[in-house]
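Architecture at a glance
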Amino acid sequence: MVDRSLGKRIFTGINSLIFILFSLSCIIPMVHVLAISLSKSTAVTAGKVTFWPVEFSTKSYEYILKNSEFWNAMGISVERVILGVLISMILTILAAYPLSKGKLHFKHQSFFAWYLVVTMLFSGGLVPSYMIVRNTHLLDTIWALVIPSAISVFNVLLLSNFFRNIPKEVEESAFIDGAGHVRILMSLYLQLSMPIIATLVVFAAVSHWNAWFDGIIYMSNQKSYPLQSYLQTILLDSNSRVITRENAELMSRVSDRTIKASQVFIAAIPILFVYPFMQKYFVSGMMIGAVKE
């Protein structure tokens, strides 16, 4: 018993150390970016900033507040997240409900399940995707950012497994009372599936918020870029791309690095606020949805 207890403590200690190091590897870059954004440009250029602001300054944030391009991109991203999450959850729920039924109630359940799984393993590629978006006249519209990624097969399978864990007796009693599939789905399944649905909402929101490549591919005008695509372009561009005539005086007191750091940190704030409030749903939603009885 002593050896087992000692081995368990060692195993727990090693796991704890690994998770602490992993957490620090995620937190330290954000702390460094925040320190740069709150430091004076001369200190940043001299390489004095590590994890604490040097010569504290908020001039970079003042510059961003006057940057109309940044807030335009922010508005497009907010619109994308709202539309994307709404469409994604509607399609995911409508696909997961029939897939959660057995062959007795849904004859072709296995066929459609495998049909969706195949799309997780194989895809047409970038060129066919672009041609579809172009031929459907979605280029340079918000729908080019929403419709191609409207549904995630992983989320569908996760939600359908969750639906399978709902007691069949509850559904049968609802059928006896005269409820149809739509009423059962809306009043019964959704009410009992709030943990997994909240988890999938966060997954969809984070996916749309962090996406940048599709914005660059499907948008020909930078004014139509979502926030992450806009940040990607300015992070690769030179200082002259950032400077504008009306804020040249303020720009003289900041640097390109401090502005980029400020924009990156502001873009991460919505996700940093969402995760702590939704964390309680992750364990129950993911574990229950991932286990099939």
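Report on the accompanying structure. Predicted model only: the values in this text are computed from it and were never measured.

Right, let's talk about the overall build of the protein chain for a bit. Scanning the protein chain from N- to C-terminus turns up 16 helices and zero strands. Relative to its full complement of 293 residues, the protein chain shows a buried share of 37%. Residue pairs at least 24 apart in sequence account for 71% of intrachain contacts in the protein chain once pairs closer than 6 positions are excluded. By element, 69% of the accessible surface of the protein chain is carried by carbon and sulfur atoms, the whole surface being about 17,800 Å².

Under the counting rule described, the total for this entry stands at eight aromatic pairs. With a centroid separation of 6.5 Å and 65 degrees between ring planes, the pair formed by Phe70 and Tyr230 is classed as edge-to-face. Remark: Tyr230 occurs in helix 13 (residues 227-236) and Phe70 occurs in helix 4 (residues 68-99); sequence separation between them is 160 residues. This pair shows no difference in class: Phe70 is buried, exactly as Tyr230 is. Each ring, one from Tyr97 and one from Tyr189, has its centre 5.2 Å from the other, and the planes form 90 degrees; the classification is edge-to-face. Residue Tyr97 is located in helix 4, and its partner Tyr189 is located in helix 10 (residues 181-192); the two are separated by 92 residues in the primary sequence. Residue classification places Tyr97 among the buried residues on the basis of a relative accessible area of 8%. Connected via pairs of aromatic rings, a cluster forms that spans Phe70, Trp71 and Tyr230.

The volume enclosed by the largest pocket comes to roughly 670 Å³. Lining the largest pocket are 27 residues, and of these Ile147, Pro148, Ser149, Ala150 and Ile151 sit closest to its centre. Within the residue set of the lining of the largest pocket, elements represented by two or more residues are helix 4, helix 6 (126-135), helix 7 (143-146), helix 11 (194-210) and helix 12 (213-218). A class-by-class count of the residues in the lining of the largest pocket yields 15 nonpolar, 10 polar and two charged. Counted as a void, the second largest pocket has a volume near 420 Å³. At the level of secondary structure, the elements contributing two or more residues to the lining of the second largest pocket comprise helix 1 (2-37), helix 11, helix 13 and helix 16 (256-290). The biggest single contributor to the lining of the second largest pocket is helix 16, with six residues. Among the residues making up the lining of the second largest pocket, the classes are represented as 12 nonpolar, two polar and no charged.

Here the focus is the pattern of salt bridges. Scanning the model with the defined rule gives two salt bridges in all. Across the salt bridge formed by Glu55 and Lys40, the nearest N and O atoms sit 3.9 Å from each other. Of the two residues, Glu55 is situated in the loop between helix 2 (41-45) and helix 3 (59-65) and Lys40 in the loop between helix 1 and helix 2; the sequence distance between them amounts to 15 residues. Classification of Lys40 as partly exposed rests on a relative accessible area of 38%. Here Arg80 ties to Asp214 by a salt bridge, and the two come within 2.5 Å at their closest N and O atoms. With Arg80 in helix 4 and Asp214 in helix 12, the pair connects residues that are 134 residues apart, well separated along the chain. For the pair shown, Arg80 and Asp214 are each scored as buried.

Scoring rules and cut-offs
Residues numbered from 1 in each chain as written. Predicted model: local features only at pLDDT ≥ 70, side-chain atom pairs only at ≥ 80, totals over all residues. Heavy atoms only, no water. Helix = DSSP H or I, 4+ residues; strand = E, 2+ residues; numbered from the N terminus. Buried < 20%, exposed > 50% of the residue type's maximum accessible area, 1.4 Å probe, protein only. Contact = heavy atoms within 4.5 Å. Areas by Shrake-Rupley, 256 points an atom, 1.4 Å probe, with all protein chains shown as cover. Phe/Tyr/Trp six-rings, centres within 6.5 Å; stacked < 30°, edge-to-face > 60°. 1 Å grid on protein atoms, 1.4 Å probe; cavity = no way out; pocket = protein on both sides within 12 Å on 5 of 7 lines; lining within 4 Å. Points joined across faces, edges and corners; volume = space filled by probe spheres on them. Nonpolar A, V, L, I, M, F, W, Y, C, P; charged D, E, K, R; others polar. Salt bridge = Lys/Arg side-chain N within 4 Å of Asp/Glu carboxyl O.

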